[in-house]
Amino acid sequence: MVGYFEGIASERGIAWRCSDSYSLRDFLRLENREEVPDHSWLSKTRGRLPHEVHESVFGWVLKLVAEQGLVKGKRIGVDASTMEANAALRTIVRRDDGRTYREMLTQMAKESGIETPTADESGSARPRPQGQEVVERRVDQQDRSRGQDRQAKGRSHPSRLQARACGRSDTGIIVAAALHPADQGDTTTIEGTLTVAEKNLAQIGAVRPSKKPSELVTDKGYHSRAVLKALDAGVWKTRIAEPKQPGFSRWHGDDKARAAVYANRTRLGSAVGKQAMRRRSEIVERSFAHNLDRGGMRRTWLRGRENVHKRYLVHVAGHNLGILMRLLVGAGTPREAGGPGAGLSVLRLHTQAAAIILVVASPDGFAILVIAAAADPG
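What comes next is a walk through the structure. As the structure is a prediction and not an experimental result, all values here were calculated from the model.

1. Details of the packing of aromatic side chains
Thinking step 1. In this structure the tally under the stated criterion is two aromatic pairs.
Thinking step 2. Between the aromatic rings of Tyr4 and Phe5, the centroid separation amounts to 5.1 Å while the plane-to-plane angle is 65°, which identifies the pairing as edge-to-face. Phe5 matches Tyr4 in its accessibility class, with the two residues each being buried.
Thinking step 3. For the ring pair Trp251 and Tyr262, a centre distance of 5.8 Å and an interplane angle of 80° mean the geometry is edge-to-face. Here Tyr262 lies in helix H10 (residues 255-269) and Trp251 lies in the loop between strand E7 (236-240) and H10, a separation of 11 residues in the sequence.
Thinking step 4. On the basis of relative accessible area, Trp251 is assigned to the buried category, the value being 12%.
Thinking step 5. Exposure remark for Tyr262: the relative accessible area of 39% places this residue in the partly exposed category.

If you want it as structure tokens, here you go:
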């Protein structure tokens, strides 16, 4: 949560920030001269705690938010974005024959005339095709994948596709934070995201009755006949943006798909559907900016999809907690709460008296107002 509120992606940076800030040291219950735990302590603790513990933390924060009326389950906005990750070259293998990067370099060195190449010779020797320059240490995107989970995209910088569902588009509360492999499209991952959303909504008692299904608002990347047909007449009333296509649609006797597509198109054209799409663009896209760009999770240096998902769950829990803080105290981050113009109220009760102390800070100074009441003024 410190990484989210401070916008720090590196665990070394989180440890340094906690050692530098007196407020964070007080939050961690550390004495003035007590050392902050090493950054490796974060990785070890996350690895020892199971995935269910992090899901429980996310659900606990979601329950606190729901108690304040911020989650109704009436409208769900679904969207996805990419999270980049660094991949070690030793874990990259070829898709066709499973050769590692080192084995590929050794073969290329032998083809260039070196019988028994060393590590340095393998890294420097390259066959040079005529009229084409071969760039050193470059891995083709189409030929390579991660050896652990085959979810890499790009040259030695694979990205994982992470999807989330935001409940009640007018508040931006995230009710599901699912992480999916990068080689799966939106139409494939939407089922898993909705399953997680249904589970979390059921835990907080926000599931809509069957007669009044929840609205599902997404962009055109999730539009397909199979998705609309599977969600038709279910717990979700779809409002999925439809991409433009030339010509007429041919259904080949699939009446259920045609009915689902036409019903979704009718709901999109209504005034409620247009307003829902505008709110989705504003609220859902803004949550990506808070969590990934401003929150420091656009690129991760953690190893393993489950390990990344653990931190992402707590990261999103901090996002929901920030919305709750803004509702209760008027500030969504600790830095905003401690900025200029912040206020603090304290209520003191006694058996014979009561006092309210209000402290308001400003750039020029601060003011204190004390209101006391007693049964016997004397």
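2. Observations regarding a nonpolar patch on the surface
Thinking step 1. Together, Met1, Leu49, Val53 and Val57 give the surface a local cluster of nonpolar side chains, amounting to about 260 Å² of exposed area.
Thinking step 2. Summarising the element assignment, Leu49 is placed in the loop between helix H4 (39-48) and helix H5 (51-67).

3. Focus on the nonpolar core
Thinking step 1. Of all hydrophobic cores here, the largest spans 46 residues; its most connected members are Val71 and Leu201.
Thinking step 2. Among the elements that make up this core, the one with the highest residue count is helix H12 (residues 305-329) (seven residues).
Thinking step 3. The residues contacting Val71, other than those within four sequence positions of it, are Leu62, Val65, Ala66, Ile173, Val175, Leu201, Ile204 and Ala206.
Thinking step 4. If you look at the next biggest cluster of nonpolar residues, it comprises seven residues, including Val2, Ile8, Cys18 and Leu30.

4. Details of the side chain of Arg267
Thinking step 1. Its location among the elements puts Arg267 in helix H10.
Thinking step 2. At 5.0 Å, Asp232 is the nearest oppositely charged side chain to Arg267, a buried residue that forms no salt bridge.
Thinking step 3. Among residues more than four places away in sequence, those in contact with Arg267 are Lys237, Thr238, Arg239 and Gly273.

5. Considerations on the pairing of E7
Thinking step 1. Of all five residues in E7, four are buried, a share of seventy percent or more.
Thinking step 2. Relative to E7, strand E6 (residues 214-218) runs parallel, the two being bridged by five bridges. For Val217, the partnering residue across the bridge sits in E7 and is Arg239.
Thinking step 3. Handedness of the β-α-β unit built from E6, helix H9 (residues 225-231) and E7 comes out right-handed.

6. Observations regarding the packing of H5 against H12
Thinking step 1. Viewed as axis vectors pointing N to C, H5 and H12 meet at an angle of 15°, and their least axial separation amounts to 9 Å. Overall, the two elements H5 and H12 adopt an arrangement that is roughly parallel. Viewed along their axes, H5 and H12 form a crossing whose handedness is left-handed. Between H5, through His51, His54, Glu55, Phe58, Val61, Leu62, Leu64 and Val65, and H12, the contact on the second element is made entirely by Glu306, His309, Lys310, Leu313, Val314, Val316, Ala317, Asn320, Leu321 and Leu324.
Thinking step 2. Counted by class, the contact of H5 with H12 contains 11 nonpolar, four polar and three charged residues.

Cut-offs and rules
- Residues numbered from 1 in each chain as written.
- Predicted model: local features only at pLDDT ≥ 70, side-chain atom pairs only at ≥ 80, totals over all residues.
- Heavy atoms only, no water.
- Phe/Tyr/Trp six-rings, centres within 6.5 Å; stacked < 30°, edge-to-face > 60°.
- Buried < 20%, exposed > 50% of the residue type's maximum accessible area, 1.4 Å probe, protein only.
- Helix = DSSP H or I, 4+ residues; strand = E, 2+ residues; numbered from the N terminus.
- Patch = residues over 30% accessible without salt bridge, like charges linked within 9 Å, V, L, I, M, F, W, Y side chains within 5 Å.
- Areas by Shrake-Rupley, 256 points an atom, 1.4 Å probe, with all protein chains shown as cover.
- Salt bridge = Lys/Arg side-chain N within 4 Å of Asp/Glu carboxyl O.
- Core = buried A, V, L, I, M, F, W, Y, C linked by side-chain atoms within 4.5 Å.
- Contact = heavy atoms within 4.5 Å.
- Lys, Arg positive; Asp, Glu negative; His and termini not counted.
- Pairing = 2+ DSSP bridges.
- Right-handed = clockwise from strand over helix to strand, strands pointing away.
- Axes fitted to C-alpha atoms, helices over the stretch in contact; angles between N-to-C directions.
- Parallel < 35°, antiparallel > 145°, perpendicular 65-115°, else oblique.
- Left-handed = near helix turned anticlockwise from the far one by under 90°.
- Nonpolar A, V, L, I, M, F, W, Y, C, P; charged D, E, K, R; others polar.

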